[in-house]
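Chain by chain, the residues run as shown.
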Amino acid sequence: MNLIYKSTRNDNETATASQAILKGLANNSGLFVPTEIPKLTVPVKKLAQMSYQEVAYEVMKLFLTDFTEEELKDCINHAYDDKFDTPEIVPIVKVGDAYHLQLFHGSTIAFKDMALSILPYLLVTAAKKNDVKNEIVILTATSGDTGKAALAGFADVPGTKIIVFYPKDGVSPIQEKQMVTQKGENTYVIGIKGNFDDAQTGVKKMFSDAVLAEEMDAAGYQFSSANSINIGRLVPQIVYYVYSYAKLAAEQVLADGDPMNVVVPTGNFGNILAAYYAKQMGIPIRKLICASNENKVLFDFFQTGIYDKNRDFILTSSPSMDILISSNLERLIHKIAGSNADKCAELMQDLASEGKYTITDEMKANLADFVGVYTTEAETAEEIKKTYEETGYVMDTHTAVAAHGYDQYVADTADHTPAVIASTASPYKFTRSVMNAIDPAYDSQTDFELVDELSKISGTTVPNAIEEIRTAPVLHHTVCAKEEMLAEVKKILGI
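Worth saying up front: this structure is predicted, and the values here are computed from it rather than measured.

**Some points on the overall build of the protein**
In terms of helices and strands, the protein carries 22 helices and 16 strands. Along the first, second and third principal axes, the C-alpha atoms of the protein reach 60 × 50 × 45 Å. Expressed as a percentage of its 495 residues, the buried residues of the protein come to 61%. Carbon and sulfur atoms provide 48% of the accessible area of the protein, an area that totals close to 18400 Å². Of note, the protein has its 44 positive side-chain charges centred 3 Å away from the centre of its 66 negative side-chain charges.

**What about the packing of helix H17 (residues 377–391) against helix H18 (residues 397–413)?**
Where H17 contacts H18, the two axes come as close as 8 Å, and the packing angle between them is 90 degrees. By the angle between their directions, the pair H17 and H18 is classed as roughly perpendicular. For the pair H17 and H18, the contacting residues are Glu379, Thr380, Glu383, Ile384 and Lys386 in the first and Thr397, Ala400, Val401, Ala403, His404 and Asp407 in the second. Residues belonging to the contact of H17 with H18 are distributed by class as follows: four nonpolar, three polar and four charged.

**Quick notes on the layout of surface pockets**
Estimates place the volume of the largest pocket at around 800 Å³. In terms of lining, the largest pocket is formed by 39 residues, of which the most central are Lys83, Ser107, Ala152, Gly153 and Gln182. Secondary structure elements with two or more residues in the lining of the largest pocket: helix H4 (69–79), helix H5 (112–116), helix H6 (119–129), helix H7 (145–154) and helix H21 (464–470). Here the element with the most residues in the lining of the largest pocket is H6; it accounts for five residues. Tallied by class, residues from the lining of the largest pocket come to 18 nonpolar, 11 polar and 10 charged. Roughly 540 Å³ of volume is contained in the second largest pocket. The wall of the second largest pocket is formed by 21 residues, among which Arg9, Thr201, Lys204, Met348 and Ala352 lie closest to the centre. Listing elements by their share of the lining of the second largest pocket, those giving two or more residues are helix H9 (196–207), helix H14 (329–336) and helix H15 (341–354). Per-element tally for the lining of the second largest pocket: the top contributor is H15, with five residues. Each residue belonging to the lining of the second largest pocket can be placed in one class, and the counts come to eight nonpolar, eight polar and five charged.

**Focus on helix H12 (residues 270–281)**
When the terminal C-alpha atoms of H12 are compared, their 16 Å separation across 12 residues agrees well with the 16 Å that a helix rising 1.5 Å per residue should span. Along H12, 11 of the 12 residues are buried, which leaves the element largely enclosed by surrounding structure. Listed as buried for H12 are Gly270, Asn271, Ile272, Leu273, Ala274, Ala275, Tyr276, Tyr277, Ala278, Gln280 and Met281. Two residues or fewer after H12 comes Gly282, characterised by a positive phi angle close to 120 degrees.

**A short note on the environment of Asn366**
Relative to the elements of secondary structure, Asn366 occurs in the loop between helix H16 (361–365) and strand E14 (370–374). Remark: the alpha-carbon pair of Asn366 and Leu332, spanning 34 residues in sequence, is separated by 9.8 Å.

**Some words on the packing of aromatic side chains**
One pass over the structure, following the stated rule, counts 15 aromatic pairs. Measuring from centroid to centroid gives 5.3 Å for Phe302 and Phe370, while their planes differ by 10 degrees, and the two rings are stacked. With Phe302 in helix H13 (residues 297–304) and Phe370 in strand E14, the pair connects residues that are 68 residues apart, well separated along the chain. Phe370 matches Phe302 in its accessibility class, with the two residues each being buried.

Rules and cut-offs
Residues numbered from 1 in each chain as written. Predicted model: local features only at pLDDT ≥ 70, side-chain atom pairs only at ≥ 80, totals over all residues. Heavy atoms only, no water. Helix = DSSP H or I, 4+ residues; strand = E, 2+ residues; numbered from the N terminus. Buried < 20%, exposed > 50% of the residue type's maximum accessible area, 1.4 Å probe, protein only. Areas by Shrake-Rupley, 256 points an atom, 1.4 Å probe, with all protein chains shown as cover. Lys, Arg positive; Asp, Glu negative; His and termini not counted. Charge placed at Lys NZ, Arg CZ, Asp CG, Glu CD. Axes fitted to C-alpha atoms, helices over the stretch in contact; angles between N-to-C directions. Parallel < 35°, antiparallel > 145°, perpendicular 65-115°, else oblique. Contact = heavy atoms within 4.5 Å. Nonpolar A, V, L, I, M, F, W, Y, C, P; charged D, E, K, R; others polar. 1 Å grid on protein atoms, 1.4 Å probe; cavity = no way out; pocket = protein on both sides within 12 Å on 5 of 7 lines; lining within 4 Å. Points joined across faces, edges and corners; volume = space filled by probe spheres on them. Expected span 1.5 Å × (residues − 1). Phe/Tyr/Trp six-rings, centres within 6.5 Å; stacked < 30°, edge-to-face > 60°.

This is how it looks when you write it as C-alpha cells:
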C-alpha cells in the first residue's frame, strides 16, 4: 500500500513520498505530512537484535513506500557507513541517571548527519523515479549544523547544487569554519547580515516564488530543500528513537512494553517531532520533554497554547536552538487540529501577519504527550561543569540544555521513567563555550588549543571533522544583506 503525503495547508495537494522529498516544501509554504502514521511491523525483541542499518530499513520502508527494497537499502547502506566513526552509528551512554543518545558520530559531528547522510541518496533516487531532467538546487538556511551536514552530504553529488545561507554572526567559530572551508564544485556558502529566522524566511520566500520557479525551469533547474521541513529529513530521524528503545530493552534497562521518556534540545522542532512519530508508530514513550534555551518560544507555547515570536532574539551558547519560528511545529499543529488543513493554514497566516497564534483548548488537550522545560545560559554552563566534575563526561551546550531541563522535570514530577537524552552535537563543535563552563581560565587559549585541551580532559580523540579544518583554507567569502539573498541565488545560477 502506498502511503500518501499531503500539505498541512491544503488537503487537495498530495504527493507520493518521492515527490514530497523532491519538492521539499508544499505550495503556499505548507509542509508535507503522511496521511497516517504507520505502525511498526516488527516486534521490539527482533529490532533489538538488528544493526542500525537494519532498523533504519524497517522504519523507513513504512514511510517511503514508493521506494523499492533495493533502492531504499542502497540509500541506507551509502549513508550509514564509515563516514561514522563508530560501527554502532549511535552509541547510547549512561550519564548520571539518564541515557545519552550520541547522535554526533557522523562526518560533521552533529545530529544533522543522521538525516543528511541519507537525504542526497533519497533525492537522487526520487529524481530518477519521477523522470526529473532538471538539476536539483538544494536551498537551505542554517542556524549552524544543518549547513555543514548538508554541504558534506551533497558535495559533488551529480545533478545537484547546494546553496547555504547562515547568520554571519550567529554561529560558533567552529561551525563557521566548517562551512566556509567546504570543498565541492557544486557548493556555495553565503553569510547574511541577520539572524537565522531572517535566513529561513528568505529561503521560504524563494521556494514560493512562482516567477523564480519559471525562470529556473527555463534554465534547467528546480529547488529542493535540505532543511528539516523536507520529509526526507524527518523520516530518518524517527529511526534513532526506535533504535534506542530497542537497545534499552535489549540491555534490560526497561522491559519490553515499559515506557521511556525522551528529552530533546529543540529549535526547529524536527528532532522532537520525530520522537512523537516514533510514539505514534507504537514505541512506548511516556513524555516528550521539549527543552529550550533562553529563546523559549516553545516552552511558553506548551505552557499557554500561545505561540508568540514577538520577543527579543537572544544569541546563546547553543546557537542551533536560537530560533523563534520553529518550522516543524506546523506538522504537529496540523495533527492536533485533527488534520484540519484550513485551521492550520489560518494559524500560520496569523503567525505571518501578527507574529503569533493561539490554539484552541481542544488542540491544547492533544498536547498531553509534551512537556516544555527551559535552561538559562548560566544553568547550561553549570550543567556542563557539574557533569564533568561528577562523572568526567563532557557534553556540548545543546545537550546541557536538555540535561538540565530533564533534571528540572524530575525534580518537579518525581518521574523516574528511564530517559533518553538526544545528545545532538559533539562538545568539540562548541569547545570555547564548553571549556569556559568547566573553567573560565581556558578563555585565554585559541580555539584549537582548546580542542587539544578538551581531548586531554575528556580522554576522547579529536574528531576528524575538527582535524580537517585546522589548516583548511577558507573557500567561501560571500556575505550579503538579507534583502540580497535572491540576487545571490540568481548570480550563482546565471539567471
